[in-house]
Amino acid sequence: MSSPHASPRPGAPSVRRLLPPGLLFALPFLVLFALFMLWPLVQGLWMSLTDTSLSAHTPSFVGLDNFSEALGDAEMWRSLGHTVWFTVLSTVPLVAVALGMALLVHTGLPGQWVWRLAFFAPYLLPVGVVSLLWIWLYQPDLGLLNHLLDLVGIGPVSWLSDESVTMWAIVLTTLWWTVGFNFLLFLAALQAVPDHLYEAAAIDGAGAWRRLWSITLPQLRRITAVVTVLQVLASLKVFDQVYLLTKGGPNNSTRPVIEYLYDVGFTGYRLGYASAISYVFFALVLLASAAQYAALRRREK
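Residues numbered from 1 in each chain as written. Predicted model: local features only at pLDDT ≥ 70, side-chain atom pairs only at ≥ 80, totals over all residues. Heavy atoms only, no water.

1. Some thoughts on the confidence of the model for the chain
Per-residue confidence for the chain averages 87 on the pLDDT scale, and 93% of its residues sit at or above 70. The least confident element of the chain is helix α1 (residues 15–18), whose mean pLDDT is 57; the most confident is helix α6 (residues 127–137), at 95. (pLDDT = per-residue confidence, 0-100. Helix = DSSP H or I, 4+ residues; strand = E, 2+ residues; numbered from the N terminus.)

2. Some thoughts on a nonpolar patch on the surface
Together, L23, L27, F29, L30, V31, L32, F33, L35, F36, M37, L38 and L41 make up an exposed nonpolar region whose accessible area comes to about 1100 Å². With respect to the secondary-structure elements, L32 resides in helix α2 (residues 21–48). (Patch = residues over 30% accessible without salt bridge, like charges linked within 9 Å, V, L, I, M, F, W, Y side chains within 5 Å. Areas by Shrake-Rupley, 256 points an atom, 1.4 Å probe, with all protein chains shown as cover. Salt bridge = Lys/Arg side-chain N within 4 Å of Asp/Glu carboxyl O.)

3. Some details on the pattern of salt bridges
For the structure on display, the rule yields four salt bridges. E75 is the partner of R78 in a salt bridge, and the nearest nitrogen-oxygen pair spans 3.7 Å. In this pair, R78 and E75 are both assigned in helix α4 (residues 74–106), three residues apart and thus about one turn of the helix distant. Here E75 falls in the partly exposed class, since its relative accessible area comes to 24%. Between R255 and D263 there is a salt bridge, with its nearest N and O atoms 3.0 Å apart. (Buried < 20%, exposed > 50% of the residue type's maximum accessible area, 1.4 Å probe, protein only.)

4. A look at helix α11 (residues 221–236)
In an α-helix, one turn spans 3.6 residues; hence positions three or four apart end up facing the same way. The end-to-end C-alpha distance of α11 is 23 Å, a good match for the 22 Å that 16 residues give at a rise of 1.5 Å each. Taken together, the buried positions of α11 are I223, A225, V227, V229, Q231, V232, S235 and L236. (Expected span 1.5 Å × (residues − 1).)

5. Topic: the nonpolar core
A general tendency of soluble globular proteins is for nonpolar side chains to be buried together. One finds F86, W134, Y138, L145, V157, W159 and I170 to be the most contacted residues of the largest nonpolar core, which totals 20 residues. Listed by contribution, the elements that provide at least two residues to this core are α4, α6, α7 (144–151), α8 (166–191) and α12 (240–245). Counting residues per element, this core draws most heavily on α8, at five residues. With sequence-adjacent residues up to four places away left out, I170 is seen in contact with F86, Q241, V242, L245, T246 and T254. (Core = buried A, V, L, I, M, F, W, Y, C linked by side-chain atoms within 4.5 Å. Contact = heavy atoms within 4.5 Å.)

6. Here's the deal with the environment of N251
Take N251: it is sitting in the loop between α12 and α13 (257–267). Counting along the chain gives 88 residues from N251 to E163, while the straight-line C-alpha distance between them is 8.1 Å. Each residue touching N251, except ones within four places of it in the same chain, is listed here: R78 and E163. Side chain to side chain, N251 and E163 meet in a polar contact 2.7 Å long. (Polar contact = N/O pair within 3.5 Å; in protein donor to acceptor, adjacent residues only side chain to side chain.)

7. Remarks on the environment of Q241
On the secondary structure map, Q241 appears in helix α12. Here the alpha-carbon distance between Q241 and V227, two residues 14 residues apart in the chain, equals 21 Å. Once residues within four sequence positions are removed from consideration, Q241 is found in contact with F86, V127, S131, I170, T174 and W177. Within polar-contact distance, the side chain of Q241 engages the side chain of T174 at 3.0 Å.

8. Details of the packing of aromatic side chains
Across all of its chains, the model carries 14 aromatic pairs by this definition. Taken together, a centroid distance of 5.5 Å and an interplanar angle of 20° make the contact between F239 and Y243 stacked. Geometrically, the ring pair formed by F239 and Y262 is tilted, given 5.9 Å between the ring centres and 50° between the ring planes. Taken together, the residues span a long stretch of sequence, with F239 in the loop between α11 and α12 and Y262 in helix α13 at a distance of 23 residues. Here the aromatic cluster, defined as three or more aromatic residues joined through ring pairs, consists of W134, Y138, W159 and W176. Across the ring face of Y243, the terminal group of K247 is positioned such that the distance to the ring centre comes to 5.4 Å. (Phe/Tyr/Trp six-rings, centres within 6.5 Å; stacked < 30°, edge-to-face > 60°. Lys NZ or Arg CZ within 6 Å of the ring centre and 35° of its normal.)

9. Overview of the packing of helix α5 (residues 112–120) against α8
For the pair α5 and α8, interaxial distance at closest approach is 8 Å and the crossing angle is 140°. Here R116, F119 and F120 of α5 come into contact with α8, specifically with G180, F181, F183, L184, L187 and Q191. Here the residues of the contact of α5 with α8 sort into six nonpolar, two polar and one charged. (Axes fitted to C-alpha atoms, helices over the stretch in contact; angles between N-to-C directions. Nonpolar A, V, L, I, M, F, W, Y, C, P; charged D, E, K, R; others polar.)

Structure below.
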């Protein structure tokens, strides 16, 4: 009888010989990544080449017809324009306000933990709670915002039903909800700035503003670029708050491309065409990401 501790037979391959140690540790992640990321991507790409529908019929192969229809779909391009416009409106304040908040906290305000909690707490709220809260704030007759406007002699604003202001209302809600994440990134970067730089500047007679412009902001250049890229990508994927606040209205004036994709796939039952739209949007996001990356590389040289 062989011992339980006997060595494997000569010539018999072992798992360690077949796979390097690093790959063994990464194998669980790779399996999950392939199962929940790669396979859905492949399945979605195949679906975009068919006329798959939620209605009961066998899908057939249609080639690039869905992509051709998507490129000529005026409503898709209109929804994409709304997405880009929201991204432009939201990215600048979400970066600038977060930086300002981080600078205020970093200056040593009393009760820093209170300020940090107040600035970051909204980010922890689920989108349903945030949307319900701001729907009440935006109420034309009972909302707090219109009450404040009335105190300064400005008439009521139809925040969620006036096409000229609805997108701004969504941006304001998004700013209040998500600026805390960028605030934490900037605050962490500020705490990593070496103290000896400020000490040397103080010895040279530099004031607070000179230290801000000559030391703090240059030291934050890299994290500012990272935050901007992350914010652009996050804003391009906007859906939840728009759907809950306005459902893309009024008159589809705020409907982003992801909501249009949702309407086509789950209201119009055209899953194949919705998949094609998603891949067109995915390609555009990749192009935007590549352009941002190239711009950052040029700036660093």
